[in-house]
Amino acid sequence: DIQMTQSPSSVSASVGDRVTITCRASQSISGHLHWYQQRPGQAPKLLIYATSSLQSGVPSRFSGTGSGTDFTLTVSSLQPEDFATYFCQQSQRAPLTFGGGTKVEIK
Amino acid sequence: EVQLLESGGDLVQPGGSLRLSCAASGFTFRNYDMRWVRQAPGMGLEWVSSISYDGYDNYYADSVKGRFTISRDNSKNTLYLQMNSLRAEDTALYYCATKGSSGESFAWGQGTLVTVSS
């Protein structure tokens, strides 16, 4: 199975900060990497698919980059509604696997 | 608007069975592969099972293979997960999700809670 490792596991930040989350795959996954946001008590929500494509309705302050094994999700200017947990997921090879999550907390 | 509504979660004893359902609306259900993903309390996301748009191809995580069965009824726009021989480690919130063209899950239900305990 492809292992997905996210870092950091948690980050404290303030409104307006730039936040970057990293996801590393145990083998190359080409561009088959997706990012989700999960607010407390809610279902995951797709933010970015195929490394860098912004899902419809998602604010442009979210962006994704990467290739091969290393990927990043960046929030350019953190808003109050962005305090949540973020997960990456690969779909290059079955079984689908997710990263362990990064919790973005208010500083 | 795409909507997925799961149901069927309950408290069940170890070794018991449950059938989860996911009612879909707002999109052409028969055209999309579907998935079940679960989340144990306070934990991350774990893919459980997938089914092709026509129901002919099914895939399972090793942790549930031989115990869970995924199916769909395209005439009813409904996805199912039959869960047998349940174990304590199957306790989780079970989400159904729609697979997009790049392998992403672009829509999720709100989840249904399965608790396995004596």
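The residue count restarts for each chain, going from 1 along the sequence in the order it is written. Each chain is given a letter, starting from A, and each ligand a number, starting from 1, according to the order in which they appear as written. Local features are withheld for residues below a pLDDT of 70 in this predicted model, meaning they are given only at 70 or higher, and side-chain atom pairs are given and counted only at 80 or more; totals for whole chains, interfaces and linings count all residues. Hydrogens and water molecules were not included; the side-chain quantities draw on all heavy atoms of the structure.

Visitor: Got a minute to help me understand the nonpolar core in this structure?
Guide: For soluble globular proteins, the rule of thumb is that nonpolar side chains tend to be buried together. Buried residues of nine kinds, namely Ala, Val, Leu, Ile, Met, Phe, Trp, Tyr and Cys, make up a nonpolar core once their side-chain atoms join them within 4.5 Å. To sort residues, take the accessible area from a 1.4 Å probe on protein chains only and compare it with the maximum for the residue type: under 20% means buried, over 50% means exposed, and anything in between is partly exposed. Among the nonpolar cores identified, the biggest contains 39 residues, and W36(B), L79(B), L81(B), Y94(B) and W108(B) are the most heavily contacted of them. Put simply, DSSP H or I for four residues or longer makes a helix, DSSP E for two residues or longer makes a strand, and each gets a number counted from the N terminus. Residue assignment for this core shows that the elements contributing at least two residues are β3 (18-25), β4 (34-39), β5 (45-51), β7 (68-73), β8 (78-83), β9 (92-99), β10 (105-108) and β11 (112-116) of chain B. Per-element tally for this core: the top contributor is β9(B), with five residues. Residues count as neighbours in contact if any of their non-hydrogen atoms are within 4.5 Å of one another. Non-local contacts of L79(B), meaning those with residues more than four positions away in its chain, are made with L20(B), S21(B), C22(B), F29(B), M34(B), R35(B), W36(B), I51(B), I70(B), S71(B), R72(B) and C96(B). In terms of nonpolar packing, the next biggest core, distinct from the first, is built from 23 residues, M4(A), V19(A), L33(A) and V58(A) among them.

Visitor: What should I look at first to understand the interface of chain B and chain A in this one?
Guide: By a frequent convention, interface size equals the accessible area lost on bringing the separate parts together. Residue-level contacts link 16 residues of chain B with 18 residues of chain A. Of the roughly 1400 Å² buried where chain B meets chain A, counting both sides, 64% is carbon and sulfur surface. Salt bridge criterion: a side-chain nitrogen from Lys or Arg within 4 Å of a carboxyl oxygen from Asp or Glu. Seen at the junction of chain B and chain A, the total is zero salt bridges. Two N or O atoms count as a polar contact when they lie within 3.5 Å, although within protein this holds only if one can serve as hydrogen donor and the other as acceptor, and sequence-adjacent residues are included solely when both atoms are side-chain atoms. Remark: the boundary between chain B and chain A carries six residue pairs in polar contact (both at pLDDT 80 or more). Of all the secondary structure elements, the ones that give two or more residues to the side of chain B that touches chain A are β4, β5 and β10 of chain B. Class assignment of the residues belonging to the side of chain B that touches chain A gives a composition of six nonpolar, seven polar and three charged. Summed over both partners, the accessible area lost on bringing two parts together, with a 1.4 Å probe, is the buried area. Ten residues, namely Ala, Val, Leu, Ile, Met, Phe, Trp, Tyr, Cys and Pro, are considered nonpolar, four, namely Asp, Glu, Lys and Arg, are considered charged, and the remaining ones, Gly among them, are considered polar.

Visitor: Explain the packing of aromatic side chains here, please?
Guide: What describes a pair of aromatic rings is the distance from one ring centre to the other and the angle between the planes of the rings. Residues and elements named next belong to chain A. A pair of Phe, Tyr and Trp rings is counted when the ring centres sit within 6.5 Å of each other, with Trp represented by its six-membered ring. The angle between the planes then sorts it: under 30 degrees is stacked, over 60 is edge-to-face, the rest tilted. Throughout the structure, instances matching the rule amount to seven aromatic pairs over all chains. Ring centres of F62 and Y86 lie 6.3 Å apart, and the angle between their planes is 40 degrees; this geometry places the pair in the tilted category. Taken as a pair, F62 in strand β7 (residues 62-67) and Y86 in strand β9 (residues 85-90) lie far apart in primary sequence, 24 residues in all. Each member of the pair F62 and Y86 is classed as buried.

Visitor: Help me out: how do you make sense of the state of the cysteines in this one?
Guide: Working definition: the covalent bond between the sulfur atoms of two cysteines is a disulfide. Disulfide: a pair of cysteine sulfur atoms within 2.5 Å of each other. By the definition in use, this model includes two disulfides over all chains. There is a disulfide in this structure between C23(A) and C88(A), and the S-S distance comes to 2.0 Å. Looking along the S-S bond of the C23(A)-C88(A) disulfide, the torsion reads about 65 degrees, which is the right-handed sense. Placement of the pair is C23(A) in strand β3 (residues 19-25) and C88(A) in strand β9, with a sequence separation of 65 residues. Classification of C88(A) as buried rests on a relative accessible area of 0%. Each sulfur in the disulfide pair C22(B) and C96(B) lies 2.0 Å from the other.

Visitor: Is there a simple way to think about the pairing of β5(B) in this case?
Guide: Looking down a regular strand, the side chains alternate between one sheet face and the other. Residues and elements named next belong to chain B. Most of β5 sits inside the fold, with six of its seven residues counted as buried. Strand pairing is assigned whenever DSSP detects at least two bridges linking the two strands. The pairing of β4 with β5 spans six bridges and is antiparallel. Bridge assignment links V37 to a residue of β5, and that residue is W47. Between β4 and β5, which pair antiparallel one after the other, the connecting turn spans five residues, and G42 there sits at a positive phi close to 70 degrees. Counting the residues that bridge the hairpin from β5 to strand β6 (residues 58-60) gives six residues, and of these G55 lies at a positive phi of roughly 85 degrees.

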